[in-house]
Amino acid sequence: MPEEMINICDENMKGLGTATKSLAHKTGLWHESIHCWIVRPTANGGALLFQKRGSDKTLFPDYLDITAAGHYVAGEEVSAGVREIAEELGLEVAFEDLTPLGIKIDLGKTEGVLNREFCHVFIYSDDRPPGSYVLDVSEVEGLVEVGIDEGLGLFSGERDDVVARGIEWDRGKTEWVEIERRVSVDSFIPRIDPYYYKMFINAKSFLAGGRYLAI
């Protein structure tokens, strides 16, 4: 299989052409990605959905992270990012129905990867529980939700852990099973900024009809 080609740019998001994704991550070439967060309205204040990374991933296996995310392949426009949502979650959504939160700058170096990304961040409301999504097990091994108020307590430091509920791929049974377990800050991919905290703040305002949202 040929390596995936992605658009690369400079630190001001000016296009510089294309490169393989592996080269971009190895040498720290700036590139763009999409982050889509799904928030579920509930009677007790709503919940934010997190995907569980596969246990065979090279980086951060079994950690919780963005509901759906991925890179733009060479030549794609920002609106094409909905492809990642469909591939990972089986959710077909029009780009116009996503609410933009702006661009997040992601920087990180770990285990031979130097990541420099401009992340186009969006939020979307869907009232279905995690078990209703059709997940691509090669990409996502679980989908859980954390209550917004509980998440705010966790990432503000007021709570040590919270309950996450959803589904997880059972490799032994080769089927999706319902799970409920306690998670802490350490259960999520570590980031240098309070990204998850800010997303819970945005999610709460979003469900309340707030107009002023930004990452």
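Residues numbered from 1 in each chain as written. Predicted model: local features only at pLDDT ≥ 70, side-chain atom pairs only at ≥ 80, totals over all residues. Heavy atoms only, no water.

Caption draft 1: The environment of A68, seen in detail. The topology assignment puts A68 in strand β6 (residues 68-71). The class for A68 is buried, based on a relative accessible area of 1%. When the C-alpha positions of A68 and G210 are compared, they lie 23 Å apart, and in sequence the two are 142 residues distant. Excluding its chain neighbours within four sequence positions, the residues that come into contact with A68 are I34, H35, C36, Q51, I85, E88 and L89. (Helix = DSSP H or I, 4+ residues; strand = E, 2+ residues; numbered from the N terminus. Buried < 20%, exposed > 50% of the residue type's maximum accessible area, 1.4 Å probe, protein only. Contact = heavy atoms within 4.5 Å.)

Caption draft 2: View of the side chain of T67. On the secondary structure map, T67 appears in the loop between β5 (64-65) and β6. For T67, the side chain forms a polar contact with the main-chain oxygen of L49, separated by 2.6 Å. Dropping the residues within four chain positions of it, T67 is found in contact with C36, W37, I38, L49, Q51, E88, L89 and L143. (Polar contact = N/O pair within 3.5 Å; in protein donor to acceptor, adjacent residues only side chain to side chain.)

Caption draft 3: Layout of unusual backbone geometry. With a phi close to 65°, M13 is a non-glycine residue in the positive phi region. As for its placement among the helices and strands, M13 is situated in the loop between β1 (5-9) and β2 (15-20). If you check the backbone angles, T174 has positive phi at about 50° while not being a glycine. By the element assignment, T174 lies in the loop between β10 (162-170) and β11 (175-183). Under the relative-accessibility criterion, T174 is labelled exposed at 54%.

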